[in-house]
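Residue-level structure breakdown
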Amino acid sequence: MPDYNLSHLDQLEAEAIYVLRETAAQFRKPALLFSGGKDSILMAHLARKAFWPAKVPFPLVHIDTGHNFPETITYRDEYVANLGAELVVGLVQDSIDSGRVVEEKGINASRNKLQTVTLLDTIEANQYDACLGGGRRDEEKARAKERFFSHRDEFGQWDPKNQRPELWNLFNGRKHEGEHFRVFPLSNFTEMDVWLYIQREGIPLPSLYFSHEREVFLRGGSLLAVTDFVTVQPGEAVEKKVVRFRTIGDATCTGAVESAAGTLDAIIDEVAAARQTERGTRSDDKRSETAMEDRKREGYF
């Protein structure tokens, strides 16, 4: 029975901590996927709470496209050092150099899809049998289909029609050799819950989440930042705007939003009034109606 004296944030926290502890109990070598975005930061914070005063028992695994915002990498290194955790980095550039993947060409080229191969290779190389992800069901329709314990076959593939029931929060982590699980402790958090919890806990975040002035240009309905990884095309006007990012990913496909929200209070107010999901600024999700689900079937986060 739920404790009705707990706030909804307390209940979400308790649920996530329970899932984190179940992961540690059921799997031999789990890992925590860490992108430097708010959801993975929140998940690492909850893992610290779940196992305190012991250290977080999971290595933090970052699949680095090589096209990250510099602010993300700086934050990642500082956060992991403060957490006292092990950082494992899988480089998409290594996958390209070894011929495991072929880099996309053209003005809309992105390394985002290439992360799948790098992730699966990193899982296999380190023999991880479970990977904790920060996915939430409110983000995108494909993610809404996930269980807390999401089975992946020996090829890292996900079958949304063949998932295990999770009645009474009983999680079945049994698997065959070569298979693994993705685990989503934040499944029932919403974007608003994430921001409210971050505010309550005083969790520091990368500066990209707060309003700042930077050079951007409009492409395909997304405000992309001018970086070394993006070539501005003729006819694309570069402007200085006050923006922030609702989600952080590969700089080539992560769009900004015009915003004056420079504090957590202002961000919470802005999210409450928003009519577009946070992933609505991600151009990689717009490639097809089933872009996210297709990537997840292949082994994406």
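Residues numbered from 1 in each chain as written. Predicted model: local features only at pLDDT ≥ 70, side-chain atom pairs only at ≥ 80, totals over all residues. Heavy atoms only, no water.

1. A few points about the overall build of the chain
- Along its length, the chain carries eight helices and 10 strands.
- In terms of overall dimensions, the chain is globule-like: its C-alpha atoms have a radius of gyration of 19 Å, near the 19 Å expected for 301 residues.
- Based on the C-alpha atoms only, the size of the chain along its principal axes is roughly 55 × 50 × 35 Å.
- Per-residue burial over the chain gives 53% buried out of 301 residues.
- Taking all contacts inside the chain whose residues are at least 6 apart in sequence as the whole, residues at least 24 apart take part in 73%.
- Across the chain, the centroid of the 39 positively charged side chains sits 2 Å from that of the 48 negatively charged ones. (Helix = DSSP H or I, 4+ residues; strand = E, 2+ residues; numbered from the N terminus. Rg over C-alpha atoms; globule rule 2.2 N^0.38 Å. Buried < 20%, exposed > 50% of the residue type's maximum accessible area, 1.4 Å probe, protein only. Contact = heavy atoms within 4.5 Å. Lys, Arg positive; Asp, Glu negative; His and termini not counted. Charge placed at Lys NZ, Arg CZ, Asp CG, Glu CD.)

2. Side note on the sheet that holds strand β6 (residues 180-183)
- Ordered by their spatial adjacency, six strands build an open sheet running β3-β2-β1-β4-β6-β5, and the pairing between neighbours is mixed. Strand pairing shows two members of the sheet lacking a second neighbour, β3 (87-91) and β5 (149-152), which therefore form its edges. Neighbour to neighbour, the strand axes of the sheet diverge by 30° on average, direction disregarded.
- Bridging between strand β1 (residues 30-33) and strand β2 (residues 60-64) involves two bridges; their strand directions are parallel. Each bridged residue has a counterpart across the sheet, and for L33 the counterpart in β2 is V61.
- Running over the sheet, helix α1 (residues 8-26) touches β1, β4 (130-132), β5 and β6 and is turned about 40° from β5. (Pairing = 2+ DSSP bridges. Axes fitted to C-alpha atoms, helices over the stretch in contact; angles between N-to-C directions.)

3. A closer look at the side chain of T118
- Here T118 is to be found in helix α5 (residues 115-126).
- What makes T118 buried here is its relative accessible area of 3%.

4. A closer look at the domain arrangement of the chain
- Along its sequence, the chain is carved into domain 1 (8-193 + 290-298) and domain 2 (206-284).
- Each of domain 1 and domain 2 has a C-alpha centre, and the two are 24 Å apart.
- At the junction of the two partners, domain 1 supplies 28 residues and domain 2 supplies 27 residues.
- Regarding the contact of domain 1 and domain 2, the summed buried area is about 2,200 Å², with carbon and sulfur atoms giving 55% of it.
- Where domain 1 touches domain 2, the interface holds two salt bridges.
- Among the elements of the structure, α2 (38-51), α3 (70-83), α6 (191-201) and α8 (291-298) are those that each provide at least two residues to the side of domain 1 that touches domain 2.
- Along the lines of polarity and charge, the residues of the side of domain 1 that touches domain 2 split into eight nonpolar, 10 polar and 10 charged. (Domains from an automatic or database assignment. Buried area = accessible area lost by both parts, 1.4 Å probe. Salt bridge = Lys/Arg side-chain N within 4 Å of Asp/Glu carboxyl O. Nonpolar A, V, L, I, M, F, W, Y, C, P; charged D, E, K, R; others polar.)

5. Points about the pattern of salt bridges
- Scanning all chains against the criterion turns up 18 salt bridges.
- Two residues, R200 and D10, come together in a salt bridge whose shortest N-O distance is 2.7 Å. Of this pair, R200 sits in helix α6 while D10 sits in helix α1, and the two are 190 residues apart along the sequence.
- Exposure remark for D10: the relative accessible area of 23% places this residue in the partly exposed category.
- E13 is the partner of R200 in a salt bridge, and the nearest nitrogen-oxygen pair spans 3.5 Å. Of the two residues, R200 is situated in helix α6 and E13 in helix α1; the sequence distance between them amounts to 187 residues.
- Residues joined in a network through salt bridges with shared partners are D10, E13, K49, R200 and E201.

6. Describing the packing of aromatic side chains
- This structure, assessed with the given rule, holds 12 aromatic pairs.
- Here F189 and Y197 contribute two aromatic rings whose centre-to-centre distance is 6.2 Å and whose plane-to-plane angle is 90°, an arrangement assigned as edge-to-face. The pair F189 / Y197 is uniform in exposure class, with both members buried.
- A network of ring pairs unites the aromatic residues Y18, F27, F148, F149, F171 and F181 as a single cluster. (Phe/Tyr/Trp six-rings, centres within 6.5 Å; stacked < 30°, edge-to-face > 60°.)

7. Concerning the sheet that holds strand β10 (residues 257-258)
- Across the sheet, which stays open at both edges, the four strands sit in the order β8-β7-β9-β10 with antiparallel pairing between neighbours. At either end of the open sheet lies a strand with only one pairing partner, and these are β8 (222-225) and β10.
- Where strand β7 (residues 212-219) meets strand β9 (residues 239-244), five bridges bridge the pair, whose relative direction is antiparallel. Across the sheet, R214 pairs through a bridge with K241, a residue of β9.

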